[in-house]
Amino acid sequence: MKADKEKVSRSIKIARGQLDGVLKMIDEDRYCVDISNQILATIAILKKTNQEIMHAHIRSCVREGLHTDQMNEKLEEALALLDKLVQ
């Protein structure tokens, strides 16, 4: 992985902590809108982290793969991931 591993790991740990908090909120029978807001906050962190990982991938692996005339496997992987993101 070419992304900043410390930054990515920290973000994932924050998201994990938020999910633990959501589970606690559910156990405590908290207000649905509050739970939903916490879930949306977790999703936002995961999306941002995924974006950072994909940017690093494109800047490194895909860029290296573009220096050839052959079919670019890395480019196709990146495009397939982008397709998943917009679904």
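Quantities reported herein were computed from a predicted structural model and do not represent experimental measurements.

**Student:** Quick question: what am I supposed to make of the pattern of salt bridges here?
**Tutor:** Pairing between side chains becomes possible if they bear opposite charge and their charged atoms approach one another. For the coordinates displayed, the defined rule picks out 4 salt bridges. With a shortest N-O distance of 4.0 Å, Glu-28 and Lys-24 are connected by a salt bridge. On the accessibility criterion, Glu-28 (43% relative accessible area) is partly exposed. Judged by relative accessible area, Lys-24 falls into the exposed class, the value being 52%. Note that Glu-52 and Lys-48 form a salt bridge whose closest N and O atoms lie 3.7 Å from each other. Of this pair, Glu-52 and Lys-48 both sit in helix H2 (residues 32–65), 4 residues apart, which is roughly one turn of the helix. A cluster of three or more residues bridged by salt bridges with shared partners is formed by Lys-7, Lys-48 and Glu-52.

**Student:** What am I meant to see in helix H1 (residues 5–27) here?
**Tutor:** Owing to its 3.6 residues per turn, the α-helix aligns residues three or four sequence positions apart on the same side. With 23 residues, H1 should reach 33 Å at 1.5 Å per residue; the first-to-last C-alpha distance of 33 Å fits that figure. Every buried residue of H1 is listed here: Val-8, Ser-11, Ala-15, Gln-18, Val-22 and Met-25. The backbone nitrogen of Glu-6 lies 3.2 Å from a side-chain oxygen of the residue at the head of H1, namely Asp-4. In the stretch just after H1, Asp-29 is the one whose phi turns positive, near 55 degrees.

Rules used throughout
Residues numbered from 1 in each chain as written. Predicted model: local features only at pLDDT ≥ 70, side-chain atom pairs only at ≥ 80, totals over all residues. Heavy atoms only, no water. Salt bridge = Lys/Arg side-chain N within 4 Å of Asp/Glu carboxyl O. Buried < 20%, exposed > 50% of the residue type's maximum accessible area, 1.4 Å probe, protein only. Helix = DSSP H or I, 4+ residues; strand = E, 2+ residues; numbered from the N terminus. Expected span 1.5 Å × (residues − 1). Polar contact = N/O pair within 3.5 Å; in protein donor to acceptor, adjacent residues only side chain to side chain.

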